[in-house]
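Chain residues, written in single-letter form:
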Amino acid sequence: MQRSEEERFYMTCRAAYLSVFRSSLVNMTSKDQLCSVLQQAGRNPSQKALDKYWPPGTKKLNFDDFCEILKKEKTAEPDQLMRIFKKFDTNCDGYISHDELSRILTSSGEKMSPKEVDEVFSLADVNKDGKLDYAEFCRLLESTVEQCQTAALEKLEADAKLKRQNFGNQLDNSPQSLESQPELPASEIQPRTEPETTQRKDSRSSSRPSSARSRRSPLSTAITMGSGSTKSGRLAEPKSLQDWHHTLMRGCFYLEEDGTIVSLQYRLIIPETTSIYLTIRPLNLSPIPDKPSPWMCVDTALYVVTGNETKEDSNLVCFTELRDKERFLWRGELSAGSYLLLPFTTGCRLMKRTRKTATKTAQLVNRTQSGELELTKEFKAALSDIFEVIDLDGSGLLSLEEYNFFEQRTSGEKCDEDAWAICKENFDTRKNELTRQGFLELNLMEANDREGDPRDLWLTLEAMGYNRSLEMVEACPFVIAVYCEDVKATLQAVHLDSGIKMLNSAVQRSITSKAEARSLKGHENVLVYTYKGESRISSVIANKSNQKVTVHINNEQSKNCVSSRGMSVFAVEVPPRTKMVCQHVMALNEQQEWTYSCVETIIPSL
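Residues numbered from 1 in each chain as written. Predicted model: local features only at pLDDT ≥ 70, side-chain atom pairs only at ≥ 80, totals over all residues. Heavy atoms only, no water.

- By the naming in an unreviewed UniProt entry, the protein chain is EF-hand calcium-binding domain-containing protein 7, taken from Cyprinus carpio.
- Annotation of the protein chain in UniProt includes, under Subcellular location (unreviewed entry), the sentence "Cell projection, Cilium membrane". (UniProt positions renumbered as here; feature names shortened; annotations may be inferred.)

Examining the UniProt feature "domain: EF-hand" (unreviewed entry) in the protein chain
Okay, step 1: Within this numbering scheme, the UniProt entry marks residues 76-111, 112-147 and 378-413 as carrying the feature "domain: EF-hand" (unreviewed entry).
Okay, step 2: Note that residues 378-413 is 67% helix and 0% strand, and that its end C-alpha atoms are spaced 27 Å apart. (Helix = DSSP H or I, 4+ residues; strand = E, 2+ residues; numbered from the N terminus.)

Things to note about the sheet that holds strand E14 (residues 337-344)
Okay, step 1: Taken in spatial order, the 5 strands make up an open sheet running E11-E10-E14-E8-E20, and their pairing is antiparallel. The sheet terminates laterally at strand E11 (315-319) and strand E20 (490-494), the two strands that pair on one side only. On average, each strand axis in the sheet is inclined to that of its neighbour by 30°, with strand direction left out of account.
Okay, step 2: Two strands pair when backbone bridges link them, and strand E10 (residues 301-306) and E11 are joined in this way by 4 bridges, in the antiparallel orientation. Opposite Thr306, over in E11, you have Asn315 as the bridge partner. (Pairing = 2+ DSSP bridges. Axes fitted to C-alpha atoms, helices over the stretch in contact; angles between N-to-C directions.)

Regarding the pairing of strand E13 (residues 327-334)
Okay, step 1: Sheet topology places strand E9 (residues 274-282) next to E13; 7 bridges connect them, and they run antiparallel. Of the residues in E13, the one forming a bridge with Thr274 is Leu334.
Okay, step 2: Across 3 bridges, strand E12 (residues 322-324) lies against E13 in antiparallel orientation. The partner of Asp324 across the bridge, within E13, is Arg327.
Okay, step 3: Where E12 hands over to E13, the hairpin turn is made up of 2 residues, of which Lys325 adopts a positive phi near 60°.

Looking at the environment of Lys548
Okay, step 1: Here Lys548 lies in the loop between strand E23 (536-543) and strand E24 (549-554).
Okay, step 2: Separated by 26 residues in sequence, Lys548 and Val574 have C-alpha atoms that sit 5.6 Å apart.
Okay, step 3: In this structure Lys548 touches Ser23, Leu25, Asn543, Glu573, Val574, Pro575 and Pro576, once residues within four positions along its chain are discounted.
Okay, step 4: A polar atom in the side chain of Lys548 sits 3.5 Å from the side chain of Glu573. (Contact = heavy atoms within 4.5 Å. Polar contact = N/O pair within 3.5 Å; in protein donor to acceptor, adjacent residues only side chain to side chain.)

Observations concerning the nonpolar core
Across soluble globular proteins, you tend to see nonpolar side chains buried next to one another.
Okay, step 1: If you look at the biggest cluster of nonpolar residues, it comprises 71 residues, and the most contacted ones within it are Leu341 and Ile480.
Okay, step 2: Setting aside chain neighbours within four positions, we find Ile480 in contact with Thr247, Leu248, Met249, Tyr266, Leu278, Thr279, Ile280, Leu302, Leu341, Pro343 and Leu491.
Okay, step 3: In terms of nonpolar packing, the next biggest core, distinct from the first, is built from 45 residues, Tyr10, Val585, Tyr596 and Cys598 among them. (Core = buried A, V, L, I, M, F, W, Y, C linked by side-chain atoms within 4.5 Å. Buried < 20%, exposed > 50% of the residue type's maximum accessible area, 1.4 Å probe, protein only.)

Describing the sheet that holds E9
Think of a sheet as strands paired side by side through backbone hydrogen bonds, with each pair either parallel or antiparallel.
Okay, step 1: Pairing within the open sheet is antiparallel, and its 6 strands lie in the order E7-E6-E19-E9-E13-E12. Taken across any chain shown, the strands that pair with only one partner, and hence form the sheet edges, are strand E7 (261-262) and E12.
Okay, step 2: Contacts between helix H11 (residues 377-390) and the sheet are confined to strand E6 (245-255) and strand E19 (475-484), with E6 contributing the most and set at about 125° to the helix.

Focus on the packing of helix H2 (residues 31-40) against helix H4 (residues 63-72)
Okay, step 1: Interaxial distance between H2 and H4 falls to 11 Å at its minimum, and their mutual angle equals 55°. Classed by the angle they form, the pair H2 and H4 counts as oblique. Seen along the crossing, H2 lies across H4 with a hand that is right-handed. The residues of H4 that touch H2, namely those facing Leu34, Val37 and Leu38, are Phe66, Ile69 and Leu70.
Okay, step 2: Taken together, the residues that form the contact of H2 with H4 break down as 6 nonpolar, no polar and no charged. (Parallel < 35°, antiparallel > 145°, perpendicular 65-115°, else oblique. Left-handed = near helix turned anticlockwise from the far one by under 90°. Nonpolar A, V, L, I, M, F, W, Y, C, P; charged D, E, K, R; others polar.)

Some thoughts on the pattern of salt bridges
Okay, step 1: According to the stated counting rule, one finds 15 salt bridges in the structure shown.
Okay, step 2: Put simply, Glu237 and Arg327 hold a salt bridge, and the shortest N to O gap is 3.5 Å. Residue Glu237 is found in the loop between strand E5 (218-225) and E6, and its partner Arg327 is found in strand E13; the two are separated by 90 residues along the sequence.
Okay, step 3: Assessed through its relative accessible area of 42%, Glu237 is described here as partly exposed.
Okay, step 4: Between Arg450 and Asp456 there is a salt bridge, and its shortest N-O distance comes to 2.4 Å.
Okay, step 5: Overall, the relative accessible area of 35% leaves Arg450 in the partly exposed class.
Okay, step 6: Where salt bridges share partners, they join Arg14, Lys548 and Glu573 into one cluster. (Salt bridge = Lys/Arg side-chain N within 4 Å of Asp/Glu carboxyl O.)

Some thoughts on the packing of aromatic side chains
Okay, step 1: In total, this model carries 14 aromatic pairs according to the counting rule given.
Okay, step 2: With centroids separated by 6.4 Å and ring planes inclined at 75°, the aromatic side chains of Tyr266 and Phe478 adopt a geometry described as edge-to-face. Here Tyr266, found in strand E8 (residues 265-270), pairs with Phe478, found in strand E19; they are 212 residues apart in sequence, far enough to count as distant. Comparing Tyr266 with Phe478, the two get one shared label, buried.
Okay, step 3: A ring pair is formed by Phe406 and Phe439, whose centres lie 5.5 Å apart and whose planes are at 75°; its orientation type is edge-to-face. (Phe/Tyr/Trp six-rings, centres within 6.5 Å; stacked < 30°, edge-to-face > 60°.)

As structure tokens, this is what we get:
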């Protein structure tokens, strides 16, 4: 039943999108286009909502962005519209005159010009009597919306091509891994054998005649992974590791409103060639030994690349492919030079959750008997954990640089030297850096500045991944460790505008360089790469042709699995001469055996 609801939703998304654009591969390039598509889907977004979805600097949004936005925008209820009209019907006669409507629309809410009011009234005066019968108008509006949606869906059903694509191009909850990458030259596509991967034609799961199956050119992959596969036996920790030079740095994955997963990047400078032992793992903040933080099950990885920090082009050097419990690691030799470390998580275990998981809104501030404000015990605990996360070097103090990463995350602004000097004068510091107590004092000052109004405090908490019960549910702190045998390396946190695209490229190349390339039957220019790692299976679709292709993905026969897509059945549209990460799959319960069974099928163009 859940899948059927998802299917209906994405049919609605596609129907609305294709009422405005010829293909779901076409991007929206303006706020007006976004408004038009939302209206086709029966939504009536405010200007404030449109500004939120299309912030300054936005150049384009794609179909997947539209799907995420549509989930958040509620349909305009006729009853609600009627109540609003009645509120302004001063005569209570069921009508609103031109003067009344003009006064409302030019003085409240999103104010209109007199000319715009005249245009609205010319459309809304359905009886042409100079008055607006708002009950009749509401019925007409509801009927028009329904007719538009019905017509779009009927068109979708009638078109065989669109009907077969009715799952849309819904992308991964972690757009880090889904950006299209230009196709590499054919010389770089070297098939490799993966003995655990079996290839077979899927004849049991389809009720279609064999001729139809051949026309749809299915490709089936089945991989069974053992239970409890969290220990790597192929990479022993160096015996003398305790004598190696050691550098630690913390960070955090944040789940954005649109499902994007973001984090800082890191610059690693190695003065001379040396052996390296590199690890990344979730950071446990629980004070209870037998009860680790809930995000400790989130998968992590580090991709090491070289390249210009201001450009998207980069060369993949290595990545933490192996696993030891919650640690993901790599061991090898790196030459002298500057490298970028790009943290990554598939999104399989860090997905968007409904806000309803917070059963009770926590209190952030109290007033003492003397009337002074104080932070609650629960809020102090959350702030203490936040301090641990933003204390990147684990020194127990916040430098200006560390504090500014926090400010950029929560407010989009930076604290300059003068403002930092004021902080040091008013809050507890040590060695010119902010202590944990000073950080609490700073937040208490913000509460006092707003006379106890917690709204801005909640904005900060939500930006850091907390829900209204003060649970960190949309973030995963992590810690990176770099061990160098012969020299001391320098590790520094950086924020790169091109970081996400560089990571996308690295993830895609890590899959295609290690997986076997198999073409779909009858489509030699469409290749599927399936990579089997220590704890995940990832796939890339490469379209070497000069036309876009739509690939239908079916994971329904998989067992004990979770896909980064959040769905078991979906479709991916791959532009010409492009590679695209299709999905990542992990075990739901790692203590049990799990089976990845995926059927990829080309949806033919008509």
